[in-house]
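Letter by letter, the chains look like this.
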Amino acid sequence: MIELSKPVWGLIAAVAFMLLVHLLAPILMPFLLAAVLAYIGDPLADRLEARGMGRTMAVVTVFFVLSLFAGLVMLVTVPLLIAQIQLLIERIYDGVAWLQQTGLPALRHHLDLPEQKKPMDAARDALSKHWGSAGGIFFYLWDKVSGSSMALLAWTANMVLVPVVTFYLLRDWDVLMAAIRNLLPRSMEARTVVIAQQCDEILGAFARGQLLVMLALAVTYTLGLWIVGLELALVLGVVAGLASIVPYLGVIIGISAAGLAAFFQFDSLWPMAGVAAVFGIGQALESMVLTPMLVGDKIGLHPVVVIFAILAGGQLFGFVGILLALPVAAVIKVMINHLHDYYKQSELYESKRGALELEVDK
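Criteria and thresholds
- Residues numbered from 1 in each chain as written.
- Predicted model: local features only at pLDDT ≥ 70, side-chain atom pairs only at ≥ 80, totals over all residues.
- Heavy atoms only, no water.
- Helix = DSSP H or I, 4+ residues; strand = E, 2+ residues; numbered from the N terminus.
- Buried < 20%, exposed > 50% of the residue type's maximum accessible area, 1.4 Å probe, protein only.
- Areas by Shrake-Rupley, 256 points an atom, 1.4 Å probe, with all protein chains shown as cover.
- Patch = residues over 30% accessible without salt bridge, like charges linked within 9 Å, V, L, I, M, F, W, Y side chains within 5 Å.
- Salt bridge = Lys/Arg side-chain N within 4 Å of Asp/Glu carboxyl O.
- pLDDT = per-residue confidence, 0-100.
- Phe/Tyr/Trp six-rings, centres within 6.5 Å; stacked < 30°, edge-to-face > 60°.
- Core = buried A, V, L, I, M, F, W, Y, C linked by side-chain atoms within 4.5 Å.
- Contact = heavy atoms within 4.5 Å.
- Expected span 1.5 Å × (residues − 1).
- Bend = angle between axes of the 7 residues up to and from the residue.
- Axes fitted to C-alpha atoms, helices over the stretch in contact; angles between N-to-C directions.
- Parallel < 35°, antiparallel > 145°, perpendicular 65-115°, else oblique.
- Left-handed = near helix turned anticlockwise from the far one by under 90°.
- Nonpolar A, V, L, I, M, F, W, Y, C, P; charged D, E, K, R; others polar.

(A) Fine view of the overall build of the protein chain. Regarding its fold elements, the protein chain presents 11 helices and zero strands. Tracing the protein chain from N to C terminus, the helices and strands come up as α-α-α-α-α-α-α-α-α-α-α. For the protein chain, the residues scored as buried account for 25% of the 362 residues in total. With the model as given, the accessible surface of the protein chain reaches about 25,100 Å², and the carbon-plus-sulfur share is 73%.

(B) Structural view of a nonpolar patch on the surface. A surface patch of nonpolar side chains, about 720 Å² in accessible area, is lined by Phe64, Val65, Leu68, Leu72, Leu75, Val76 and Leu80. With respect to the secondary-structure elements, leucine 75 resides in helix H2 (residues 55–110).

(C) Local environment of the confidence of the model for the protein chain. Looking at the protein chain as a whole, the pLDDT averages 75, with 75% of positions reaching at least 70. The weakest mean pLDDT in the protein chain belongs to helix H3 (residues 119–129) at 54; the strongest belongs to helix H7 (residues 233–243) at 85.

(D) Representation of the packing of aromatic side chains. Overall, the coordinates contain four aromatic pairs when judged by the stated rule. Consider the rings of tyrosine 39 and tryptophan 173, whose centres lie 6.2 Å apart with planes at 55°: the pair is tilted. Of the two residues, tyrosine 39 sits in helix H1 (residues 6–50) while tryptophan 173 sits in helix H5 (residues 173–183), which places them 134 residues apart along the sequence. Put simply, the rings of Phe63, Phe167 and Tyr168 pair up and form one aromatic cluster.

(E) Fine view of the pattern of salt bridges. In total, this model carries five salt bridges according to the counting rule given. Connected via shared salt-bridge partners are Asp42, Asp46, Glu49, Arg55 and Asp174.

(F) Looking closely at the nonpolar core. Among the nonpolar cores identified, the biggest contains 19 residues, and Tyr221, Leu225, Leu230, Leu236, Ala258 and Phe279 are the most heavily contacted of them. Looking at this core, the elements with two or more residues in it are helix H6 (186–228), H7, helix H8 (249–265) and helix H9 (270–295). Among residues more than four places away in sequence, those in contact with phenylalanine 279 are Tyr221, Leu225, Ala240, Gly250, Val251, Gly254, Ile255 and Ala258. Counting residues in each nonpolar core, the second largest holds eight residues, with Val246, Ile310, Ala325 and Leu326 among its members.

(G) Spatial organisation of the side chain of aspartate 42. Within the secondary structure layout, aspartate 42 lies in helix H1. Among all residues touching aspartate 42, those that are not within four sequence positions of it are Arg55, Leu170, Trp173 and Asp174.

(H) Region of interest: the environment of valine 235. Within the secondary structure layout, valine 235 lies in helix H7. Judged by its relative accessible area of 9%, valine 235 is buried. Separated by 153 residues in the primary sequence, valine 235 and isoleucine 82 place their C-alpha atoms 9.0 Å from one another. Once residues within four sequence positions are removed from consideration, valine 235 is found in contact with Leu81, Gln84 and Ile85.

(I) Expanded view of H6. Taking 1.5 Å per residue as the helical rise, H6 with its 43 residues ought to reach 63 Å, and the 62 Å between its terminal C-alpha atoms agrees with that figure. Along its length, H6 reaches its greatest deviation from straightness, about 30°, at threonine 192.

(J) Structural detail: the environment of valine 331. By secondary structure assignment, the location of valine 331 is in helix H10 (residues 303–344). Note on valine 331: relative accessible area 23%, which makes it partly exposed. For the pair valine 331 and isoleucine 195, spaced 136 residues apart in the sequence, the C-alpha separation amounts to 8.8 Å.

(K) Up close: the packing of H7 against H8. Remark: H7 packs on H8, axes separated minimally by 7 Å, with the N-to-C direction vectors making an angle of 160°. Compared by their axis directions, H7 and H8 come out roughly antiparallel. The way H7 lies across H8 gives a crossing that is right-handed. On the side of H7, the interface is formed by Leu236, Val239, Ala240 and Ala243, while H8 contributes Leu249, Gly250, Ile253, Gly254, Ala257, Ala258 and Ala261. In terms of residue class, the contact of H7 with H8 is built from nine nonpolar, two polar and no charged.

(L) Region of the structure containing the packing of H6 against H7. The interhelical angle for the contact between H6 and H7, taken along N-to-C directions, is 150°, at an axis separation of 7 Å. The orientation of H6 relative to H7 falls into the category roughly antiparallel. In the packing of H6 onto H7, the handedness of the crossing is right-handed. Counted together, Met214, Leu217, Ala218, Tyr221, Thr222, Leu225 and Trp226 of H6 and Ala233, Leu234, Leu236, Gly237, Val238, Ala240, Gly241 and Leu242 of H7 form the full contact between these two elements. Class assignment of the residues belonging to the contact of H6 with H7 gives a composition of 12 nonpolar, three polar and no charged.

As structure tokens, this is what we get:
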């Protein structure tokens, strides 16, 4: 029987855990979202519990307040967003029509390309030539639509499951944490608790600070684009604010989409300059005020590391991986810091330093 060392067992456990997450990724999203909501709401429930309120009543209070806030936000923003999305669809249609009627003919004339059939005429001719396969195309599209309907039903069921799981996790959060701590080996408990506290500090700073930064940027972009006079100010401002979770992504998406919308809405270049000024002010506000004040330097993840973590998480585990990317990267950073300290105190590092000092003396 081959005996394996503790590091090998740890590596096997880590690989098994990653494989399990990969296999369960399609059903993990509601539980992951519920865990995030419970993690955010636990400090509020603890404060109410410290003031003499029972845990269940504290959880009910927090749950009611958060649900009321979310409901009011949706009640105010959803009708506006629906109107903005309808307007966005109209603008996309106008943009496609302009491209077909003006942009492509002008480009063809500039490049001296031969005239071609209009897209609709070409599509009609192709359909008439391949009418026999149209039934197969129809069934293919129907299969895709029905599959999308099933996916929509599954997504709706998951969203209904989120508040239920959140309530029970929030009620038993402290019990779960204490049970996990009691399972730790006694020789590792102290160091593990220190690491967990540091991870909690980083994750808390990110969860609260970054969400506030995204909200502030969404409001800033929306108000700025509204002052410029852009019709799609709300939807573009919200999208740019949410995309700002990745450094510079919100600015790139926002200024590109808003600049394109301004190009089709206005006949002047000044509104496009106003769009650029809005996102320039927002970026300066984020880097000099919002991030230092709301997030600080507790996370300490380089922008390149953030981008790589999100891309790697999406590639490995899909949408669940994207949600897990930054928290896992922050935890890995804490682990690396402790591994660095352990290495600096190890005999391997001391022996190297001693050999170097002996060589210098010679």
